[in-house]
Amino acid sequence: MMRKLLFFLLLCVSFSAKAAHPVGYGTVIGEWTGTWATAMQVPVKYFMPYNNQMSDRSVRQIVKVSAGGRVIRLMLSNIYSAQPVVLRSVYIAHSIDSFRIDPKTARYLKFSGKDGVIIPAGKSLFSDAIAFDLKPLEQVAITLNYETAPKSPTVHMGSRTTSYILKGVSTPETDFEKSFRYEKWFNIATLEVLTNNVRGIAIIGNSITDGKGSTTDHQNRWPDEMSYWLNGPYRQKEEEKAKAENRKTVPMQWGVLNLGIGNNRVLTYSGYGEAAKKRFDRDILEQHGISDVVIFEGINDLGTSGYGVVTAYNLIMEYRTMIEKCHRAHKRVYLATITPMRGSAYYKNASHEEGRRIVNAWIRSQKVADGYLDFDALMRDPKHPTAIRPGYCLSDHLHPNAAGYKEMGRYAADYFMKTR
């Protein structure tokens, strides 16, 4: 009798670690894992000069996912606003091009069984689970019909992706051709899939991860390029190998979450968004289904500091804290070396470069993290190692361009393929 009781208890524990949802074609058991995410922040007038009041507006927002799945849910965030968000409805559909969607694929998201929802000030919430055939690497359109919205919304400023805004309420058949175009995301925070075969990677970073220098609407930031290789050519190669060996193994997918914020800093709040040391728990550790974390921050701290050497050692202390938090949460964690900055405004003080050298030397020699990505070695000019390789950066000599991001993404994908 005791053995039967123990078996029953173990069975209950094993199932409690998974999520079970009845969604149209039966009950699906799996784990929620992010397939797309962005970091929320407070608007900065200089970068958001237009009227950001979304009351009685319909906002269509495009996102490119990493992993696919048949059951999804969406998290909406209002964490930085002093007033609630009142939504009449939210629907998701396969994106065709620009603002256009396939209306036949549109599905309205529910919130406790209802179309509309109120997101309280300072809070985030998930939609109910719905059946939706989400393909790896595809673009989907998420349309929010606002009733009332805060004067100061919760946003992500560096979307590098056009959103489309119309007055009034839209339906999947509404034509957005005459909409106002705005390269920002409003209130959408995380899209998750319910699945058993996704390895989740969350990346905390600054504008280099957020994608300054990438091509608007092309989704070619370095995490996008990394996701492309992992969920595209490399996964296809594994499928072909399994077929040739007559194996029915389903190749693993990769959930790649970009939590970069432009001008973000690890140690101080003088940049944009909360300091990484503050937002790390929410933006990274609270993501569902994440097994791996990448920390790629620090260049803004060094470049704006009074004395880079002191800042370097403070960064190392904070990296250690983040690593300890990841390991306590049973997550693997990888550091990334800071890329070159010679020729940029951050190179004006010799101690800034010395601080970068100290941080990178520590990253390469430390044994506390599970590994590191050497973006410095990848991106530096062989003739001038303190500068980015010619052809891989913008004219500011700080941010990679699309070609540079492509190299970084391919390199990161190769690295993680070796960690399987």
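One can find the structure itself at the top, above this paragraph.
For clarity, every value in this text was computed on a predicted model and none was experimentally measured.

Asks: Explain the packing of aromatic side chains to me, and be specific about the residues and the numbers.
Replies: Taken as a whole and judged by the stated rule, the model has 20 aromatic pairs. With centroids separated by 5.5 Å and ring planes inclined at 40°, the aromatic side chains of Trp 229 and Tyr 234 adopt a geometry described as tilted. What makes Trp 229 buried here is its relative accessible area of 15%. Cluster of aromatic residues (ring-pair linked, three or more members): Tyr 50, Phe 180, Tyr 182 and Phe 186. Over the ring of Phe 126 we find Arg 73; its NZ or CZ atom is 4.0 Å from the centre of that ring. Lying across the ring of Trp 229, Arg 410 places its NZ or CZ 3.9 Å from the centre.

Asks: Would you mind going over the pairing of strand β16 (residues 188–195) in detail, with residue names and values included?
Replies: Across the eight residues of β16, eight count as buried, placing the element largely inside the fold. Two elements, strand β4 (residues 69–77) and β16, share five bridges in a ladder whose sense is antiparallel. Each bridged residue has a counterpart across the sheet, and for Ile 72 the counterpart in β16 is Val 193.

Asks: Account for the pattern of salt bridges, naming residues and giving values.
Replies: As a working rule, side chains carrying opposite charge can pair if their charged atoms are close by. Taken as a whole and assessed by the stated rule, the structure comprises 25 salt bridges. A salt bridge links Glu 274 to Arg 282; its shortest N-O distance comes to 3.0 Å. With a relative accessible area of 25%, Arg 282 lands in the partly exposed category. By sharing partners, the salt bridges in this structure join Glu 353, Arg 356, Arg 364, Asp 374, Asp 376 and Arg 380 into a single network.

Asks: Please provide a residue-by-residue account of the environment of Asp 414, values included.
Replies: Note on placement: Asp 414 falls in helix α10 (residues 402–417). By relative accessible area, Asp 414 is classed as partly exposed at 28%. Between the alpha carbons of Asp 414 and Trp 229 there is a distance of 8.4 Å; along the sequence they are 185 residues apart.

Asks: Lay out empty space enclosed by the protein in plain terms, naming residues and giving numbers.
Replies: Empty space among the atoms becomes apparent when a probe as large as a water molecule is rolled across them. One pass over the full model with this rule turns up two cavities of 30 Å³ or more. Its volume calculated, the largest cavity comes out at about 180 Å³. Looking at the largest cavity, it is lined by 19 residues, and the ones nearest its centre are Trp 36, Lys 64, Arg 221, Asp 224 and Asn 258. Those elements that provide at least two residues to the lining of the largest cavity are β2 (27–37), α3 (222–231) and β18 (253–260). The residue inventory of the lining of the largest cavity, partitioned by class, reads seven nonpolar, eight polar and four charged. For the second largest cavity, the calculated volume is near 40 Å³.

What counts, and where the lines are drawn
- The numbering scheme is per chain: residues are counted from 1 as the chain's sequence reads.
- The model is predicted, so local features are restricted to residues of pLDDT at least 70 and side-chain atom pairs to those at 80 or more, both for listing and for counting; the totals for chains, interfaces and linings are taken over all residues.
- To obtain the side-chain values, all non-hydrogen atoms of the structure were included, while hydrogens and water were left out.
- Here a Phe, Tyr or Trp ring, Trp counted by its six-membered ring, pairs with any other such ring whose centre lies within 6.5 Å, and the pair is stacked when the planes are under 30 degrees apart, edge-to-face when over 60, and tilted otherwise.
- Under the scheme applied here, a residue whose accessible area is under 20% of the maximum for its type counts as buried, over 50% as exposed, and between as partly exposed, the area being computed with a 1.4 Å probe on protein chains only.
- Lysine NZ or arginine CZ positioned within 6 Å of the ring centre and within 35 degrees of the ring normal marks a charge as sitting over the ring.
- Secondary structure elements are taken from DSSP: a helix is a run of H or I of four residues or more, a strand is a run of E of two residues or more, and numbering for both begins at the N terminus.
- We treat two strands as partners when DSSP finds at least two bridges between them.
- Salt bridge, as used here, is a side-chain nitrogen of Lys or Arg placed within 4 Å of a carboxyl oxygen of Asp or Glu.
- The rule is simple: put a 1 Å grid over the protein atoms alone, call a set of points where a 1.4 Å probe fits but cannot get out a cavity, call an open set with protein on both sides within 12 Å along at least five of seven lines a pocket, and count a residue as lining if it has an atom within 4 Å of a point.
- Grid points are joined across faces, edges and corners, and a volume is the space filled by probe spheres set on the points.
- Ten residues, namely Ala, Val, Leu, Ile, Met, Phe, Trp, Tyr, Cys and Pro, are considered nonpolar, four, namely Asp, Glu, Lys and Arg, are considered charged, and the remaining ones, Gly among them, are considered polar.

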